[in-house]
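Reading the structure
Below are the chains, spelled out letter by letter.
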Amino acid sequence: MPTNANRIPLVDLRAAYLRQKDEIDAAMQAVVDNTRFIQGREVAELEEAFAAFSGSGHAIGTGSGTASIHLCLAAAGVGPGDEVAVPAHTFIATAEPVTWRGATPRFIDVDPDTGCMDPDALKAGIDGAKAVIPVHLYGRPADMEAITSVATAAGVPVFEDAAQAHGAEVVNADGTVVRAGNYSVAAAFSFYPGKNLGAFGDAGAITTNDEEFAATLRFLRDHGSVRKYEHMMVGFADRLDTLQAAVLAVKLTTLEWCNQRRRELAAAFDASLRGVGDLTIPPATPNRRSVYHLYVVRTGHRDALLAHLRAAGIEASIHYPYPLHLQPAYASLGYRRGDLPQAEAWAAECLSLPLYPEMTAQQQERIVAEVAAFFDKA
Ligand SMILES: *Cc1c(COP(=O)(O)O)cnc(C)c1O
């Protein structure tokens, strides 16, 4: 068995903490000292800083990425009898809030190259939908230009699931660069610990350029209250903790560096893994700049390669092993194997290699060597 020191985790949260330990400790202590644990000034500061980072007019802190999606749907009036189009290849949290609203997810097949929602499949499946939620999967923006044009033609609002895509960018036809979260009514971000910007627990945010929508979201996340004990509407308890906001504000100061490191490491993986075995490396999409939340390859030998890497102490993983339309949780919707073939192929073949900003060149070389060794044997 590999020793602990030789283990390469999928993400190294401890390395990220140690890199900014003193500042993070001081920021947390300041909140403990002032005891403004709910809606402290650090929440508003983080919201302002994250809006600036994303190039959005407003950011609203929330309790999680899932809560962010739910709040967007609630603010948009999604309710019983409605259907919402979501990709079939994503984390279940893209679809769950649809179900919480009493609405039904309509699963859309994905692009074979990127794994993101396929605009042509959306076009075939958008009629009558109340909303569309594309996912910027693995940190790469979905094809927002095509998706927006399909949705606009159908008169259906779009909400981005940007849980994996803090700082990801779309380059428009006219050369302007737009960050994830500005291509729709509003975008849901997650600050789950392992995300590109991760808190020390559950946390999230919504970005929007619509002031009225932002105001509704602020009510909804906090019991519908304008002032304490004065409630405009029936809301939720989905606030961002002050302690998490304080941690996130420190970590946000190095997020550009983190995303740059992820891109460099991804480029190095691309160069070393291209042509190895039957691997498909992530596609080059120059107009949709990924922040590589995950580095995901595809192979027909996925399970054997995963077992080989795990035995060598390399904690590769699968995102995600079952497409949503075939999950037991959604069995009642009546989808069958074969209904969404591209999503099913992704689930069967995708493999996430470890990637995090603090990864060393030696660690990356070891991963590449083990992948190559697997295919040499095969
Ligand atoms: C992480 C994630 C979510 C949910 O975020 P939480 O903060 O864990 O609730 C939603 N969608 C996608 C694509 C995610 O990766």
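Quick note: structure is the one above.
Anyway, here's the lowdown on the structure attached to this text. The shown structure was predicted, so the numbers you read here are calculated from the model rather than taken from an experiment.

Calculation rules
Residues numbered from 1 in each chain as written. Predicted model: local features only at pLDDT ≥ 70, side-chain atom pairs only at ≥ 80, totals over all residues. Heavy atoms only, no water. Pairing = 2+ DSSP bridges. Helix = DSSP H or I, 4+ residues; strand = E, 2+ residues; numbered from the N terminus. Axes fitted to C-alpha atoms, helices over the stretch in contact; angles between N-to-C directions. Contact = heavy atoms within 4.5 Å. Buried < 20%, exposed > 50% of the residue type's maximum accessible area, 1.4 Å probe, protein only. Polar contact = N/O pair within 3.5 Å; in protein donor to acceptor, adjacent residues only side chain to side chain. Near = heavy atom within 4 Å. Areas by Shrake-Rupley, 256 points an atom, 1.4 Å probe, with all protein chains shown as cover. Nonpolar A, V, L, I, M, F, W, Y, C, P; charged D, E, K, R; others polar. Salt bridge = Lys/Arg side-chain N within 4 Å of Asp/Glu carboxyl O.

Below, the discussion takes up the sheet that holds strand 8 (residues 186-190). Judged by pairing direction, the sheet is mixed, and its four strands sit side by side in the order 1-9-8-5 without closing on themselves. Strands at the two margins of the open sheet, each flanked by one partner only, are strand 1 (58-62) and strand 5 (159-161). Along the sheet, successive strands turn relative to each other by an average axial angle of 20 degrees, direction set aside. Sheet analysis places strand 1 next to strand 9 (residues 204-208), joined by five bridges and oriented antiparallel. Pairing of Ala59 across the sheet is with Thr207, part of strand 9. Strands strand 1, strand 5, strand 8 and strand 9 of the sheet are contacted by helix 4 (residues 65-75), whose axis makes an angle of about 160 degrees with strand 8. Most of the contacts of helix 8 (residues 211-221) go to strand 1, to which it runs at about 15 degrees, and overall it touches strand 1, strand 5, strand 8 and strand 9.

Moving on: the environment of Thr207. Structurally, Thr207 is set in strand 9. A relative accessible area of 0% means that Thr207 is categorised as buried. Along the chain, Thr207 and Gly61 lie 146 residues apart, while their C-alpha atoms are 8.9 Å from each other. Apart from residues lying up to four places away in sequence, Thr207 is in contact with Phe50, Ser54, Ser56, His58, Ala59, Gly181, Ala186, Ala187 and Phe189. A polar side-chain atom of Thr207 sits 3.4 Å from the main-chain carbonyl oxygen of Gly181.

Let us now look at the site of the ligand. Not every one of the 16 residues close to the ligand is listed here, only the nearest: Gly65, Thr66, Asp161, Ser190 and Lys195. In this structure, an oxygen atom belonging to the ligand sits 2.8 Å away from a main-chain N or O atom of Gly65. Coverage of the ligand by the protein chains reaches 93% of its 380 Å² of free accessible surface. Class assignment for the residues of the shell around the ligand results in seven nonpolar, seven polar and two charged.

Residue Tyr320 follows His319 across a cis peptide bond; omega there is 10 degrees. Turning to its location among the elements, Tyr320 is positioned in the loop between helix 11 (302-311) and helix 12 (341-349). Positive phi values are uncommon outside glycine, yet Thr35 reaches one of about 55 degrees. With respect to the secondary-structure elements, Thr35 resides in the loop between helix 2 (21-34) and helix 3 (41-54). A positive phi angle is found at Tyr292, which is not glycine, with a value near 45 degrees. By the secondary structure assignment, Tyr292 is in the loop between strand 12 (288-289) and strand 13 (295-298).

In total, this model carries 16 salt bridges according to the counting rule given. Taking the shortest distance from any N to any O, the salt bridge between Glu349 and Arg298 comes out at 3.1 Å. Linking Glu349 in helix 12 with Arg298 in strand 13, this pair joins segments that are 51 residues apart in sequence. Residue Arg298 is classed as buried on the basis of its relative accessible area of 12%.

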